[in-house]
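Observations on the three-dimensional arrangement
Residues per chain are reported as follows:
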Amino acid sequence: MEVKKIFVVGAGFMGAGIAQVGAQAGYEIYLYDIAPAAVEKGIDGIKKLLGRKVAKDKMTQGEMDTAINLIKPSTALEDAAAADLVIEAVYENADLKKDIFSKLDAICKGDCIFATNTSSIPITSLATAVKDQARFIGMHFFSPVPVMRLCEIIRAIKTSDETIAVVAEVAQKMGKTTVVAKDVPGFIVNRINSALRAEAYKCMEEGVASIEDIDKAMKMGANHPMGPFELADFVGLDVNYSVLSTLHAGYKDAKFAPNLTLEKLVTSGDLGRKTGKGWYDYTSGEKKPRTDVKF
Ligand code: NAD
């Protein structure tokens, strides 16, 4: 089956990124959101990002115009009727996602493939929202989508080989390297990264080294582009907490238990860069060690 039209559900941070790389790959994209303002914001963001590429001579104005013209704004689920592939990127809420997929199942063509970009909800449980689970799959992009090179492809228990092959080709055309993972909590990247971050938190709590030195050590000694605390602040401590909780519940393995200091920071409203404070203090506009809390 050849994919030509892609219906992206959710025009937020991830959905807009997926629409952008899809259009750049030459796919006809519908960018759908329940909130018209989100669609507008998503498309404006794509125009800005592509405009910057043109300004830096990484893309021609003609290429940018072609990509932008391939993206159709949508606020009607019925626009999915002609889609070959749906990629869902709405809020991380299982009931919401299932509701959307069951509505789309009644609208879409009989051979349409349904993909979800969920980070933590079991793909096999979301697949039950559609009649033919063989055409349901996980396509886990990383943020920011236009920059990050990987797409994890997640095989739910009934996903067909053909569905995997079609989706892998689409992700590769979007410029992504693909890996196929079984439907397990955290898939590959979040599972391994969470174990690493949990270990970094333990080192901090045991007083092995300061937050700054642990980050420095992992950057200089293991060549990680960001230290585990810097990265957690970047992603958001609430997201980090919820991913660890999901892995802890899924594997029943104490190594994933969210650390108590992390829990206290989240409870107190310090969620990382987005709130100005997390493991570090960003309120001056620069990353600084926190002086208002004792870790
Ligand atoms: P976001 O909050 O930026 O965007 C979500 C969008 O969904 C919003 O625009 C919202 O209006 C829309 N939406 C809500 N209800 C809807 C509905 N009923 N119909 C249509 N649209 C609806 O969220 P995000 O960061 O883009 O995350 C989206 C998904 O991608 C989540 O499942 C998340 O777990 C996953 N994900 C996120 C990241 C990340 O780093 N942000 C990375 C990988 C995967």
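Fair warning: this is a prediction, and the values are worked out from it, not measured in the lab.

Considering the domain arrangement of the chain
By the assigned domains, the chain splits into domain 1 (5–182) and domain 2 (190–279). Inter-centroid distance (C-alpha atoms) of domain 1 to domain 2 is 29 Å.

Regarding the packing of helix H1 (residues 13–24) against helix H2 (residues 36–55)
Remark: H1 packs on H2, axes separated minimally by 9 Å, with the N-to-C direction vectors making an angle of 50°. If you check the angle between H1 and H2, you find them oblique. The handedness of the crossing between H1 and H2 is right-handed. Of H2, the residues touching H1 (which contributes Ala16, Ala19, Gln20 and Gln24) are Gly42, Ile46, Leu49, Leu50 and Lys53.

Considerations on the packing of aromatic side chains
For the structure on display, the rule yields 10 aromatic pairs. Between the aromatic rings of Phe7 and Tyr30, the centroid separation amounts to 6.3 Å while the plane-to-plane angle is 40°, which identifies the pairing as tilted. One end of the pair, Phe7, is in strand E1 (residues 5–9); the other, Tyr30, is in strand E2 (residues 28–32), and 23 residues separate them in sequence. Using a relative accessible area of 18% as the deciding quantity, one classes Tyr30 as buried. A ring pair is formed by Phe229 and Trp279, whose centres lie 5.1 Å apart and whose planes are at 80°; its orientation type is edge-to-face. Linking Phe229 in helix H9 (residues 228–235) with Trp279 in the loop between helix H11 (260–268) and strand E9 (280–281), this pair joins segments that are 50 residues apart in sequence. Trp279 matches Phe229 in its accessibility class, with the two residues each being buried. Through a chain of ring-to-ring contacts, three or more aromatic side chains come together here, namely Tyr201, Phe229, Trp279 and Phe295.

Describing the sheet that holds strand E6 (residues 136–141)
Across the sheet, which stays open at both edges, the eight strands sit in the order E3-E2-E1-E4-E5-E6-E7-E8 with mixed pairing between neighbours. Edge positions in the sheet fall to strand E3 (71–74) and strand E8 (177–182), since each has one partner strand and no second. Taking the axes of each pair of neighbouring strands and ignoring which way they run, one obtains an average angle of 25° across the sheet. For E6 and strand E7 (residues 150–155), the ladder comprises four bridges, and the chain directions are antiparallel. Along E7, the bridge assignment pairs His140 with Glu152.

Definitions and cut-offs
- Residues numbered from 1 in each chain as written.
- Predicted model: local features only at pLDDT ≥ 70, side-chain atom pairs only at ≥ 80, totals over all residues.
- Heavy atoms only, no water.
- Domains from an automatic or database assignment.
- Axes fitted to C-alpha atoms, helices over the stretch in contact; angles between N-to-C directions.
- Helix = DSSP H or I, 4+ residues; strand = E, 2+ residues; numbered from the N terminus.
- Parallel < 35°, antiparallel > 145°, perpendicular 65-115°, else oblique.
- Left-handed = near helix turned anticlockwise from the far one by under 90°.
- Contact = heavy atoms within 4.5 Å.
- Phe/Tyr/Trp six-rings, centres within 6.5 Å; stacked < 30°, edge-to-face > 60°.
- Buried < 20%, exposed > 50% of the residue type's maximum accessible area, 1.4 Å probe, protein only.
- Pairing = 2+ DSSP bridges.

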